[in-house]
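Given next are the chains, with one letter for each unit.
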Amino acid sequence: MYGVCGCCGALRPRYKRLVDNIFPEDPEDGLVKTNMEKLTFYALSAPEKLDRIGAYLSERLIRDVGRHRYGYVCIAMEALDQLLMACHCQSINLFVESFLKMVAKLLESEKPNLQILGTNSFVKFANIEEDTPSYHRSYDFFVSRFSEMCHSSHDDLEIKTKIRMSGIKGLQGVVRKTVNDELQANIWDPQHMDKIVPSLLFNLQHVEEAESRSPSPLQAPEKEKESPAELAERCLRELLGRAAFGNIKNAIKPVLIHLDNHSLWEPKVFAIRCFKIIMYSIQPQHSHLVIQQLLGHLDANSRSAATVRAGIVEVLSEAAVIAATGSVGKRHGEGLRAGDPAEAAASSRERQGATGRDRSPFSSREVHQEVGGAEEAQAGRRPGPVLPARGAGRRRVLALDLRCPALPRSGPTVLEMFNTLLRQLRLSIDYALTGSYDGAVSLGTKIIKEHEERMFQEAVIKTVGSFATTLPTYQRSEVILFIMSKVPLPSLHQAVDTGRTGENRNRLTQIMLLKSLLQVSTGFQCNNMMSALPSNFLDRLLSTALMEDAEIRLFVLEILISFIDRHGNRHKFSTISTLSDISVLKLKVDKCSRQDTVFMKKHSQQLYRHIYLSCKEETNVQKHYEALYGLLALISIELANEEVVVDLIRLVLAVQDVAQVNEENLPVYNRCALYALGAAYLNLISQLTTVPAFCQHIHEVIETRKKEAPYMLPEDVFVERPRLSQNLDGVVIELLFRQSKISEVLGGSGYNSDRLCLPYIPQLTDEDRLSKRRSIGETISLQVEVESRNSPEKEERVPAEEITYETLKKAIVDSVAVEEQERERRRQVVEKFQKAPFEEIAAHCGARASLLQSKLNQIFEITIRPPPSPSGTITAAYGQPQNHSIPVYEMKFPDLCVY
């Protein structure tokens with residue numbers, strides 16, 4: 001019966017007759033439109049026949065492909081496309097299965113035209129929103145086939161380009177069809193991402209080749225539109241823009257693997273471009289996940305070549321800066337346009353097409369709501385924003401709340417990044433010292449090139465600085481403390497490890513970490529110096545300033561300058577000179593705040609001491625003296641009040657005495673440099689104080705030096721070929737700045753003349769125990785100081801004094817003088833212990849020991865008594881009552897106590 005129906009056309013089912021009628025006798029005539037309209041009307045009127053229509057069309061298409069009747073194949077696909085666009089009923093799922101079967105048949109063909117035809121039909125299908133979900137549909141074949149088309153290597157360049165573009169469009173269609181439908185196959189699974197992402201990156205790699213063809217201006221828009229690289233970039237942006245919190249890692253991992261397999265870290269250009277696309281495409285609250293992936297990849301490649309690690313660090317630097325700047329409230333388009341206008345336009349178009357909105361600045365309410373969303377997202381939960389009542393407004397706020405800043409608000413992520421970079425820095429130092437990744441050189445060990453490790457270390461330091469500059473002030477302070485805590489302090493008990501170059505591992509670590517700290521501190525702005533330089537940080541930093549290494553001391557001075565310079569005056573003191581008018585410098589001077597005054601009262605003596613000791617170093621060169629001059633000048637401008645000015649003048653005069661007396665046996669250049677440093681600073685501070693008599697005295701001494709001793713001025717010392725004098729012992733008093741004269745002229749202008757008359761003596765602190773310059777005399781002074789404070793000989797009753805306002809004012813004014821007297825007393829005690837005969841010191845200590853023993857005996861007599869006796873007391877032989885102990889069994893107890 002079936003065969004009879006096949007022969008008799010009138011007995012064939014109506015849907016088959018309608019399908020047959022759309023095919024003309026000559027395929028070049030194309031689809032019969034009137035019959036196609038009848039077939040469409042029939043499909044809409046009888047939707048239950050859609051699956052049979054699709055099956056019959058599929059049967060005809062497969063037959064025509066086998067017979068190489070490609071004209072009818074194109075007509076069948078056109079009919080399928082029109083039916084898909086017209087029918088949206090519940091039975092469309094069965095029809096879609098037939099459609100996908102026909103598309104797969106075309107993609108399996110070796111004919112490029114059929115592959116392109118099938119891809120175009122699939123793209124049209126991907127743009128259709130289905131009303132009913134599908135539970136069993138699979139796109140695994142299409143992902144694999146489209147990925148294969150993306151890697152086409154056809155001999156004809158034009159055909160190869162078309163096949164690759166079709167493959168990219170097909171992958172884009174798969175993503176659009178599946179990414180927003182939870183019932184579809186999960187396109188974010190690693191098995192799919194490992195095919196999709198490398199295919200897009202493979203085409204993105206050839207962007208240089210496409211640009212090298214340099215089309216004419218009239219053809220440029222068409223060429224640019226047809227470029228597989230441009231299309232791959234847009235598809236990648238759309239894919240990443242749709243990625244949710246849990247899918248970011250699966251999308252980033254194939255990128256890292258692709259860059260590893262194709263050795264694309266070393267040129268760095270393509271890797272940086274890829275991650276710029278990634279960072280500008282993903283939602284900003286997911287940025288920290290990309291940073292974590294890069295950090296983990298850097299750790300995984302810790303034994304790779306230095307060039308590979310340097311490339312990863314460069315990419316990490318770019319990604320971290322984009323993540324930080326994009327999460328402080330900048331719009332996506334603005335941040336992108338600052339780097340690449342083409343990327344900005346492409347990203348904006350794709351994001352609008354993918355999500356239906358572009359990023360916009362946040363209001364304060366929306367940003368406040370985003371913080372909670374970011375914290376929930378990091379905890380693995382979906383954000384739960386506060387939604388308004390209306391539907392449209394509700395969707396708008398939801399879109400904004402899901403785009404919340406993440407990286408600067410995720411403190412552990414920031415510290416994790418710096419911790420990883422510093423750990424890699426230490427490993428690189430070890431590699432450079434040992435010459436191998438295993439710590440021992442063997443036949444199978446890969447030899448490390450030191451210059452490549454140096455380049456990697458510089459890349460790490462640059463990354464640390466570039467990322468830190470984007471952080472808020474409070475987080476930057478935490479990073480500074482974190483880096484400083486990693487710097488190994490000088491210690492007498494620290495082991496010295498030497499490598500192939502014979503350098504100390506600790507020294508290299510200190511230098512690299514201080515370089516990183518200098519990068520972070522550059523441009524640091526903080527109104528409160530107590531917050532910028534807390535005590536624990538300042539103590540550790542200044543302890544490294546006492547080291548013998550000249551390079552480390554220079555880094556410490558530059559770091560201090562970076563912190564203190566808050567008005568951009570640093571570059572104005574890059575050269576040391578004695579200007580007759582400092583107004584040409586155009587200095588930005590601000591009044592010293594109360595917080596700065598408190599900071600200087602607490603830490604000024606510590607800073608002065610380290611400046612004084614740094615001036616006495618024999619290994620100082622011109623850069624050291626320029627840094628010291630800049631530090632003195634910036635303290636005078638940023639942190640100076642009248643008391644600080646007086647102390648700085650005393651300090652510089654003490655430095656002049658160091659050059660004159662020369663107890664340290666300094667070289668001639670160092671002595672001339674100290675004279676020149678003092679002249680330059682006193683010339684500056686005299687014009688800042690605007691005291692005429694003070695300025696006149698400084699000017700007279702400078703003019704005298706110009707005539708008689710130019711080697712004591714910076715213009716002759718701090719040059720490429722210094723002009724020095726071989727005899728500095730007979731310096732006449734006219735060539736020196738006199739402390740008595742300065743105290744006289746400044747005292748008449750309201751400055752503390754009594755304090756100015758006191759010579760500066762550096763204050764001893766506990767950090768000397770960490771320094772390599774610890775001496776026996778300094779150790780004894782600490783012990784004697786403690787003993788003298790607790791000595792019974794010093795105990796005196798001080799009558800109660802009435803506390804008034806005048807008393808407090810006097811105590812504040814005289815506090816510094818009392819400190820100077822105390823330091824002088826300590827110095828005398830130290831000198832006594834160093835120079836006095838042994839017998840005198842022994843007698844002194846013996847007398848104190850006997851006094852201590854007598855006091856102890858008195859205490860024992862008062863506190864130690866025999867136990868009381870119930871029988872009373874007996875009188876001793878000398879008439880004093882004496883307690884007598886009676887055994888318990890001989891004691892007589894009252895009757896009431898006996899049972």
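Calculation notes
- Residues numbered from 1 in each chain as written.
- Predicted model: local features only at pLDDT ≥ 70, side-chain atom pairs only at ≥ 80, totals over all residues.
- Heavy atoms only, no water.
- Helix = DSSP H or I, 4+ residues; strand = E, 2+ residues; numbered from the N terminus.
- Buried < 20%, exposed > 50% of the residue type's maximum accessible area, 1.4 Å probe, protein only.
- Areas by Shrake-Rupley, 256 points an atom, 1.4 Å probe, with all protein chains shown as cover.
- Core = buried A, V, L, I, M, F, W, Y, C linked by side-chain atoms within 4.5 Å.
- Contact = heavy atoms within 4.5 Å.
- Expected span 1.5 Å × (residues − 1).
- Patch = residues over 30% accessible without salt bridge, like charges linked within 9 Å, V, L, I, M, F, W, Y side chains within 5 Å.
- Salt bridge = Lys/Arg side-chain N within 4 Å of Asp/Glu carboxyl O.
- Axes fitted to C-alpha atoms, helices over the stretch in contact; angles between N-to-C directions.
- Parallel < 35°, antiparallel > 145°, perpendicular 65-115°, else oblique.
- Left-handed = near helix turned anticlockwise from the far one by under 90°.
- Lys, Arg positive; Asp, Glu negative; His and termini not counted.
- Charge placed at Lys NZ, Arg CZ, Asp CG, Glu CD.
- Phe/Tyr/Trp six-rings, centres within 6.5 Å; stacked < 30°, edge-to-face > 60°.
- Lys NZ or Arg CZ within 6 Å of the ring centre and 35° of its normal.
- pLDDT = per-residue confidence, 0-100.
- Polar contact = N/O pair within 3.5 Å; in protein donor to acceptor, adjacent residues only side chain to side chain.
- Nonpolar A, V, L, I, M, F, W, Y, C, P; charged D, E, K, R; others polar.

1. A look at the overall build of the protein chain
In terms of regular secondary structure, the protein chain is built from 39 helices and two strands. Counting the 899 residues in the protein chain, one finds 47% classified as buried. Summing over all exposed atoms, the protein chain offers an accessible surface of approximately 45,900 Å²; the carbon and sulfur share of this is 53%.

2. Observations concerning the nonpolar core
One finds F142, W265, F275 and I649 to be the most contacted residues of the largest nonpolar core, which totals 229 residues. No other element matches the 13 residues that helix α32 (residues 668–689) contributes to this core. Beyond its immediate sequence surroundings of up to four residues, F275 is in contact with I252, V255, L256, L259, W265, V290, L294 and V315.

3. Thoughts on unusual backbone geometry
In this model, K586 sits at a positive phi of 55 degrees, which is unusual for a non-glycine residue. With relative accessibility at 66%, the residue K586 sits in the exposed group. Positive phi is not limited to glycine here, since N662 has a value of about 60 degrees. Among the structural elements, N662 can be located in the loop between α31 (642–661) and α32.

4. Remarks on helix α25 (residues 505–521)
For an α-helix, 3.6 residues make a turn, and residues three or four places apart therefore share a direction. An ideal rise of 1.5 Å per residue puts 24 Å on 17 residues; α25 measures up with 24 Å between its terminal C-alpha atoms. Summarising burial for α25: 13 of the 17 residues are buried, a large majority. Two residues or fewer after α25 comes G523, characterised by a positive phi angle close to 80 degrees.

5. Here's the deal with a nonpolar patch on the surface
Side chains of L852, L856, I859 and F860 sit close together on the surface and give an oily, nonpolar patch of about 360 Å² of accessible area. Looking at the element boundaries, I859 is found in helix α39 (residues 838–863).

6. What about the packing of helix α30 (residues 622–638) against α32?
Direction vectors running N to C along α30 and α32 enclose 20 degrees, while the axes themselves pass 10 Å from each other. What the angle tells us is that α30 and α32 run roughly parallel. The handedness of the crossing between α30 and α32 comes out as right-handed. Contacts from Q622, Y625, L628, Y629, L632, A633, S636 and I637 of α30 reach α32 at Y669, N670, A673, L674, L677, A680, Y681, L684, I685 and L688.

7. Thoughts on a negative patch on the surface
On the surface, E25, D26, E28 and D29 cluster together to form a negatively charged patch. In this structure, E28 sits in the loop between α2 (14–21) and α3 (33–45).

8. Structural notes on the packing of aromatic side chains
In total, this model carries 14 aromatic pairs according to the counting rule given. Ring geometry for F141 versus F142: centroids 5.5 Å apart, planes at 75 degrees, classification edge-to-face. According to the relative accessible area criterion, F141 is partly exposed, its value standing at 32%. The buried category is assigned to F142, whose relative accessible area is 4%. Each ring, one from F142 and one from F146, has its centre 6.2 Å from the other, and the planes form 35 degrees; the classification is tilted. Pair noted here: F142 and F146 are both in helix α8 (residues 140–150), with a separation of four residues, about one helical turn. As far as the burial class goes, F142 and F146 line up, both buried. A cation over a ring is seen here: K177 above F125, with NZ or CZ 4.4 Å from the ring centre. A cation over a ring is seen here: R309 above F456, with NZ or CZ 4.6 Å from the ring centre.

9. A closer look at the environment of L427
Counting through the fold element by element, L427 comes out in helix α22 (residues 411–434). Judged by relative accessible area, which is 26%, L427 ranks as partly exposed.

10. Structural notes on the confidence of the model for the protein chain
For the protein chain, mean pLDDT is 75; residues scoring 70 or higher make up 72% of the total. Note that residues 1–7 has pLDDT below 50 and, in this model, four contacts with residues that lie over four places away or in other chains. A low-confidence stretch, residues 769–800 (pLDDT under 50), is modelled with 33 contacts involving residues beyond four sequence positions or located in other chains.

11. Remarks on helix α13 (residues 228–241)
Here α13 contains 14 residues, and its C-alpha end-to-end distance of 20 Å stays within 8% of the 20 Å for a straight helix at 1.5 Å per residue. Within α13, 13 of the 14 residues are buried, which leaves it mostly tucked inside the rest of the structure. Where α13 begins, the capping side chain belongs to S227, and its oxygen is found 3.3 Å from the backbone nitrogen of A229.

12. Some details on the packing of helix α27 (residues 535–544) against helix α28 (residues 550–564)
Packing of α27 against α28 brings their axes to within 8 Å, and their N-to-C directions diverge by 145 degrees. Together, F537, L538, L541, L542 and T544 of α27 and I552, V556, I559, L560 and F563 of α28 make up the contact between the two elements. For the contact of α27 with α28, the per-class residue count stands at nine nonpolar, one polar and no charged.

13. Concerning the environment of V103
Mapping V103 onto the fold places it in helix α6 (residues 92–108). C-alpha separation for the pair V103 and M77, spaced 26 residues apart in sequence, amounts to 8.5 Å. Beyond its immediate chain neighbours, meaning those up to four positions away, V103 contacts M77, G118, S121, F122 and F142.

14. Description of the environment of L240
Locating L240 in the fold gives a position in helix α13. Residues L240 and M279, 39 residues apart in the sequence, show an inter-C-alpha distance of 9.1 Å. L240 has contacts with A251, I278, S281 and I282, leaving out every residue within four places of it along the chain.

15. Some details on the pattern of salt bridges
Tallying each qualifying case throughout the model produces 24 salt bridges. Note that E638 is salt-bridged to R566, the shortest N-O span being 3.6 Å. One end of the pair, E638, is in helix α30; the other, R566, is in the loop between α28 and α29 (594–615), with 72 residues separating them in the sequence. One salt bridge connects D716 with R723, and the closest N-O pair in it is separated by 2.9 Å. Relative accessible area serves as the criterion here: at 48%, R723 is assigned to the partly exposed category.

16. Structural notes on the side chain of Q115
Residue placement: Q115 occurs in helix α7 (residues 112–126). Discounting residues that sit within four places of it in the chain, Q115 has contacts with L106, L107, S109, E110, R145, M149 and I163.

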